[in-house]
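# Descriptive structure summary
For reference, the chains in residue letters:
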Amino acid sequence: MIGTMRAAVLEAPGPPENLVVRDVPVPDPPAGWVRVRVRAFGLNRSDLLSRRGFPGHAVSLPRVLGAEAVGEVDLDRSGRFARGQQVAAVLTGMGQHLDGGYAEYACVPMAGICPFRSKLNWAVLGAMPRMFQTAYESLVVAVDLRRGQTVLVRGGTSSVGLAAILLAKNLGATVLATTRDPEKVDLLRLHGVDHVVVDDGVVEAHVRALVPDGVDGAVELVGRTTLSDTLRATSETGTVCLTGSLGDETGSSHAGPAVSRDGRLVLCHGDRKPGPQVLQRMIDEVEAGRLDVPVGRVYRIADIARAHRDMEANLICGKAVVVVE
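Residues numbered from 1 in each chain as written. Predicted model: local features only at pLDDT ≥ 70, side-chain atom pairs only at ≥ 80, totals over all residues. Heavy atoms only, no water.

## Observations regarding the nonpolar core
In summary, soluble globular proteins display a tendency toward joint burial of nonpolar side chains. Membership of the largest hydrophobic core comes to 46 residues, with the highest contact counts inside it found for Met128, Phe132, Leu139, Leu145, Ile165 and Val293. Apart from residues no more than four positions distant in its own chain, Val293 is found in contact with Val124, Ala127, Met128, Met131, Phe132 and Val286. Grouped together as the second largest cluster of nonpolar side chains are 43 residues, Ala7, Leu43, Ala69 and Met94 included. (Core = buried A, V, L, I, M, F, W, Y, C linked by side-chain atoms within 4.5 Å. Buried < 20%, exposed > 50% of the residue type's maximum accessible area, 1.4 Å probe, protein only. Contact = heavy atoms within 4.5 Å.)

Structure, rendered in structure tokens:
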């Protein structure tokens, strides 16, 4: 393909305005890579941290950001994927070590391509890959949540928090979830939370008033600042999955050495690509009406700076998605 495409390019670390939408050459995939016609992409906290130049998230510049994208195969010289095949592009390093999904086309190594089939609109599909993979990895793989158990989602109004709530309800669990904003209590109830806890930094007493022996599992999305309290709110045989770092300006979800008598701690960074079976299962559940997708706001690529401002200001309840027209 010869020509140019629109892409949101980070020229230098800094404020959202440093993301400049401009014309760049359409990339040509090398051997073992696939070119994807991007239809939508979700915004992630890792994108925000890369834009700001945080240690561990710094990128070589200029760089097209974007840790994920959904769309259709445009070119696969290997012949493995047919042109027009719906795919998600999710790979560790997308938007950091290689150009990401903030563009009309993206070239991704074969290992980062996850095929699927769906009639859902692109805005909904764009919200799903990393968000639901992280929730699934946290609840099913790490916590091993079962029907009839109790789970605490610490940081419930984040996009992954809402996805975890919906998935936990789908699994038949009783869900407790926290929010620091009393005005968002109704939002959590609307998403099926059984018990909402307003988080003032210490929720152990509130949780154990509801579940005296402690919850069976917890997904910790706030991070190191609340981890010990979350562990104390968990039963002796329960598991806490440290997944996010909403309360940590450095963006690090590493808790350092953690020893607890009240539960088992595991780490989940949600940086693995969603397996085709997992992603297709989530899509099938949504299409059947058994699972919802918490899309917060939908933007155009021309509005990428505003989308980042909204994300940074925590104005989006749910997943921010950019649809590429």
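Let us keep going from here.
## With respect to the sheet that holds strand β2 (residues 19-25)
Spatially, β2-β1-β4 is the arrangement adopted by the three strands of the open sheet, whose pairing is antiparallel. Sheet topology places β2 and β4 (63-64) at the edges, where each strand pairs with a single neighbour. Across seven bridges, the pairing between strand β1 (residues 4-10) and β2 is antiparallel. Note on β2: the bridge partner recorded for Thr4 is Pro25. (Pairing = 2+ DSSP bridges. Helix = DSSP H or I, 4+ residues; strand = E, 2+ residues; numbered from the N terminus.)

## Description of the pattern of salt bridges
Considering all chains together, one arrives at 23 salt bridges under this definition. For the salt bridge of Arg77 with Asp28, the shortest nitrogen-to-oxygen distance reads 2.8 Å. In this pair, Arg77 sits in the loop between β5 (68-75) and β6 (86-90) while Asp28 sits in the loop between β2 and β3 (33-42), placing the two residues 49 residues apart along the sequence. On the basis of relative accessibility, which here comes to 56%, the residue Arg77 falls in the exposed class. A salt bridge links Asp99 to Arg63, with the shortest nitrogen-to-oxygen separation between them at 2.9 Å. Here Asp99 is found in the loop between β6 and β7 (105-109), whereas its partner Arg63 is found in strand β4, with 36 residues between them in sequence. (Salt bridge = Lys/Arg side-chain N within 4 Å of Asp/Glu carboxyl O.)

## Observations concerning the side chain of Glu220
Within the fold, Glu220 resides in strand β12 (residues 215-220). Notably, Glu220 is buried but unbridged: the nearest opposite-charge side chain belongs to Arg154, and the N-O separation is 4.4 Å. A distance of 3.1 Å separates a polar side-chain atom of Glu220 from the backbone nitrogen of Gly223. Within the local environment of Glu220, its side chain forms a polar contact with the side chain of Thr230, the two groups lying 2.5 Å apart. Apart from residues no more than four positions distant in its own chain, Glu220 is found in contact with Arg154, Thr226, Leu227, Thr230, Val240, Cys241, Leu242, Thr243 and Gly244. (Lys, Arg positive; Asp, Glu negative; His and termini not counted. Polar contact = N/O pair within 3.5 Å; in protein donor to acceptor, adjacent residues only side chain to side chain.)

## A few points about the packing of aromatic side chains
By the definition in use, this model includes one aromatic pair. Summarising the aromatic geometry, the rings of Phe41 and Tyr102 are spaced 4.6 Å apart at their centres and angled 20 degrees between planes, so their arrangement reads as stacked. In this pair, Phe41 sits in strand β3 while Tyr102 sits in the loop between β6 and β7, placing the two residues 61 residues apart along the sequence. Side by side, Phe41 and Tyr102 carry an identical accessibility label, which is buried. Cation over ring: Arg37 sits above Tyr105, and NZ or CZ is 5.4 Å from the ring centre. (Phe/Tyr/Trp six-rings, centres within 6.5 Å; stacked < 30°, edge-to-face > 60°. Lys NZ or Arg CZ within 6 Å of the ring centre and 35° of its normal.)

## What about the packing of helix α1 (residues 45-52) against helix α9 (residues 304-312)?
Remark: α1 packs on α9, axes separated minimally by 11 Å, with the N-to-C direction vectors making an angle of 105 degrees. One finds that α1 runs roughly perpendicular with respect to α9. Taken together, the residues of α9 that come into contact with α1 (itself represented by Arg45, Asp47, Leu48, Arg51 and Arg52) are His308, Met311 and Glu312. Taken together, the residues of the contact of α1 with α9 break down into two nonpolar, one polar and five charged. (Axes fitted to C-alpha atoms, helices over the stretch in contact; angles between N-to-C directions. Parallel < 35°, antiparallel > 145°, perpendicular 65-115°, else oblique. Nonpolar A, V, L, I, M, F, W, Y, C, P; charged D, E, K, R; others polar.)

## Observations regarding helix α4 (residues 159-170)
Helical periodicity: at 3.6 residues per turn, an α-helix aligns residues three or four positions apart in one direction. Here α4 spans 17 Å end to end across twelve residues, near enough to the 16 Å set by a 1.5 Å rise per residue. Taking burial as the measure, the twelve residues of α4 include ten buried ones, the bulk of the element. The set of residues buried in α4 consists of Ser159, Val160, Gly161, Leu162, Ala163, Ala164, Ile165, Leu166, Leu167 and Ala168. Note on α4: the residue one or two positions beyond its end, Gly172, has a positive phi of about 90 degrees. (Expected span 1.5 Å × (residues − 1).)

## Some details on the pairing of strand β11 (residues 195-198)
Looking at chain direction, strand β10 (residues 174-179) and β11 are connected through four bridges and run parallel. What sits directly across from Thr179, in β11, is Val198. As a crossover connection, the stretch from β10 through helix α5 (residues 185-190) into β11 is right-handed. (Right-handed = clockwise from strand over helix to strand, strands pointing away.)

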